[in-house]
Amino acid sequence: MKYNDTLIDNILYKRIILLLSRFGALSMQVIDKNANKSYEQELANFEQKIADEQKIEPSDWMPEAYRKNVIRQMSQHAHSEIIGMQPEGNWLTRAPSLRRKAILLSKVQDEAGHGLYLYSATETLGINRSEMIAALQSGEAKYAQIFNYPTLTWADVGAIGWLVDGAAIVNQISLQRTSYGPYARSMVRICKEESFHQRQGYEALYAMAHGTPVQKQMAQDALNRIWWPSLMMFGPHDADSAHSSQSMAWKIKRISNDELRQSFIDQSVPQIEVLGLEMPDPEIKWNEERGHYDSGEINWQEFKEVVNGAGPCNYQRIKHHKNAHQEGEWVREAVRSYKEKRAKKQNETAA
Amino acid sequence: MKQEQLAIYEVFIRSNRGLDHKHVGSLHAESPEHALMYARDCYIRRSEGVSIWVVESTNITASEESDIENFVDPMDDKPYRHATHYVLPDSIKNM
C-alpha cells in the first residue's frame, strides 16, 4: 500500500490530537482542521471533489452559489411533486372503476411521499420547510409548468402517468448521479417507487385507445394536448437555459435539457405506435443519419407564459395549496399542543 | 470495586461520499464528543469511512420486530403498487 505525504501527515496529526485530547487539552472545535482554510483553498478542494466524481455532503464546505442553486432545483422539484397531486387528485372521485381509483389514490399518495423526501433532503442545505412553502405560495419558487394545465377527461390521467411521469423519470434517472449526495440518494428512492406510475398510465391509456371509437378519440385528444407541455418539462433549449451551464459545471445537472428531451421523444414514439394513435406532432420522423427522431419546434411563447403565471391553472393551483395549508392548520395546532403537553408531563415526572 | 456503566452510543459510518451512513456497532462513552473520538479510534482504523455519526442508544426510538405485522401492514392486498402488476404489450420495452 502506498502512503502519500498527506496521509502520513494526517495519521501523525491524529496521533497528536489523540494524545492531547487524552489530557483534556483540546475540545472538539479546536480539532476542526478546516477552520483556518482560506476561501481559495476551500473552493479548490470543493472543485476537486466535483472533478473526482465525489458527492458533496451536507457538512462539506460549498460555495454559496452552489448551495443556492441546489436549493432552487431541489425545492422546485419538491413543489412539483406536491402541486402535481392536484390535476390527478381531481379525478379520484370520478375514476371509472374501483381498481382505477385505488391505483390513482396510491399514485397520488406516492407523490406526497416524494415531496416529503425532497423537502427533507433540501433542509440539509440550511433552509427550512416553512421558508420553502412560503416561497412557493408567493410565486418566488417555481414548480413544473405541466401542472398548470387542466385534466379535462379520464384519458388525461392515463396520459399524465405515461408522459409526464415518463418525462420526469428520464430526468430523475440522470439526477441519480447529481453531485449533491442527499439529492442523488432521494432520486434513487424516488425512481424505484416511480416505476409503477408510468406503467399504470400507459395501461389506462391503452385500454382507452383500444376501447370504443369515442374512447379512442379521448385518448388521442389527451395525447395531443399533453404531448407538448411534456416536452417543455425539460426546460428551454440548452443555449437559452439560464441556469444550465453552471449547473452542468457543478454536476448538479448531468445531462442537458435538449439531450434529455431527445431521449424522451425517442422512447415515446414507438409507444405511441403501439397505442395505435396518431402522432401528436406531424413533423415527427425517424432520422437515420442522427439515429434519433426529428420533431417540430416547441411553442416557447406558451412555455414562457405558463412559467410566468399565465397558464390555464396557475392561479387555481396556488390558491388550492394556500387553502389546503390554511385548512390544515388545526392539525399542526394539535401536533404542537401534544408536544407541549408531553414535555410538561415529562418535566413533572422528572421533578 | 465499583462497577461503572457509561452510556452506550450507536455508531454509523459513511464509507464513501455519496453513500448513506450505515450502522456498524456501538461503544461506551462519557459524552457524544468522546463517543465520536472513540468511534474514530476504533471503527475507522483502516480507512473504512469518511464520516461518523454517533447517537446515544436511548435516543433511538425503534419498532418492535415481534409487533411488525401489526405495526407495518405489508399491503399484500395492494399489488397495484408494484410495476409488475401492469401487463403491457410485449413490444413495449423498458418502461
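So, here's what we can say about the structure. These numbers come from a predicted model, not from an experiment. (Residues numbered from 1 in each chain as written. Chains lettered and ligands numbered in written order. Predicted model: local features only at pLDDT ≥ 70, side-chain atom pairs only at ≥ 80, totals over all residues. Heavy atoms only, no water.)

Overview of the overall build of chain B
Then, number 1: What chain B contains, in helices and strands, is two helices and three strands.
Then, number 2: Along chain B, helices (α) and strands (β) appear in the sequence β-β-α-β-α when read from the amino end.
Then, number 3: Over its C-alpha atoms, taken along the principal directions, chain B stretches across nearly 75 × 35 × 15 Å.
Then, number 4: In chain B, buried positions account for 28% of the 95 residues. (Helix = DSSP H or I, 4+ residues; strand = E, 2+ residues; numbered from the N terminus. Buried < 20%, exposed > 50% of the residue type's maximum accessible area, 1.4 Å probe, protein only.)

A closer look at the packing of helix α6 (residues 98-123) of chain A against helix α9 (residues 181-209) of chain A
Residues and elements named next belong to chain A.
Then, number 1: Remark: α6 packs on α9, axes separated minimally by 10 Å, with the N-to-C direction vectors making an angle of 160°. Of the possible angle classes, the one that applies to α6 and α9 is roughly antiparallel. Between α6 and α9 lies a crossing of left-handed hand.
Then, number 2: Split by residue class, the contact of α6 with α9 holds 11 nonpolar, five polar and nine charged. (Axes fitted to C-alpha atoms, helices over the stretch in contact; angles between N-to-C directions. Parallel < 35°, antiparallel > 145°, perpendicular 65-115°, else oblique. Left-handed = near helix turned anticlockwise from the far one by under 90°. Nonpolar A, V, L, I, M, F, W, Y, C, P; charged D, E, K, R; others polar.)

So, the sheet that holds strand β2 (residues 22-29) of chain B
Strand pairing in a sheet is mediated by backbone hydrogen bonds. Such pairs are either parallel or antiparallel.
Residues and elements named next belong to chain B.
Then, number 1: Reading across the sheet, the three strands line up as β2-β1-β3 and stay open at both edges, with antiparallel pairing between neighbours. Of all strands in the sheet, those bounded by a partner on one side alone are β2 and β3 (51-56). Direction aside, the axes of adjacent strands within the sheet are offset by 30° on average.
Then, number 2: As judged from the six bridges shared by strand β1 (residues 7-14) and β3, these two strands associate in the antiparallel manner. The partner of V11 across the bridge, within β3, is V54. (Pairing = 2+ DSSP bridges.)

Structural notes on the nonpolar core
Residue and element names in this part refer to chain A.
Then, number 1: Membership of the largest hydrophobic core comes to 52 residues, with the highest contact counts inside it found for W162, W227 and F264.
Then, number 2: For this core, the elements supplying multiple residues, two or more each, are α6, α8 (154-175), α9, α10 (213-232), α12 (257-275) and α13 (300-310).
Then, number 3: Here the element with the most residues in this core is α8; it accounts for 10 residues.
Then, number 4: Those residues in contact with F264 that lie beyond four places of it in its chain are L163, G166, A167, V170, W227, S230, L231 and F234. (Core = buried A, V, L, I, M, F, W, Y, C linked by side-chain atoms within 4.5 Å. Contact = heavy atoms within 4.5 Å.)

Quick look at the pattern of salt bridges
Residue and element names in this part refer to chain A.
Then, number 1: The full count for this structure, using the stated rule, is 20 salt bridges over all chains.
Then, number 2: Salt-bridge contacts for D60 lead to K49; the nearest nitrogen and oxygen are separated by 3.9 Å. Placement of the pair is D60 in the loop between α3 (39-51) and α4 (64-83) and K49 in helix α3, with a sequence separation of 11 residues. Judged on exposure class, the residue D60 and its partner K49 are both buried.
Then, number 3: A salt bridge links E53 to K251, with the nearest nitrogen and oxygen atoms 2.8 Å apart. Of this pair, E53 sits in the loop between α3 and α4 while K251 sits in the loop between α11 (244-249) and α12, placing them 198 residues apart in sequence. (Salt bridge = Lys/Arg side-chain N within 4 Å of Asp/Glu carboxyl O.)

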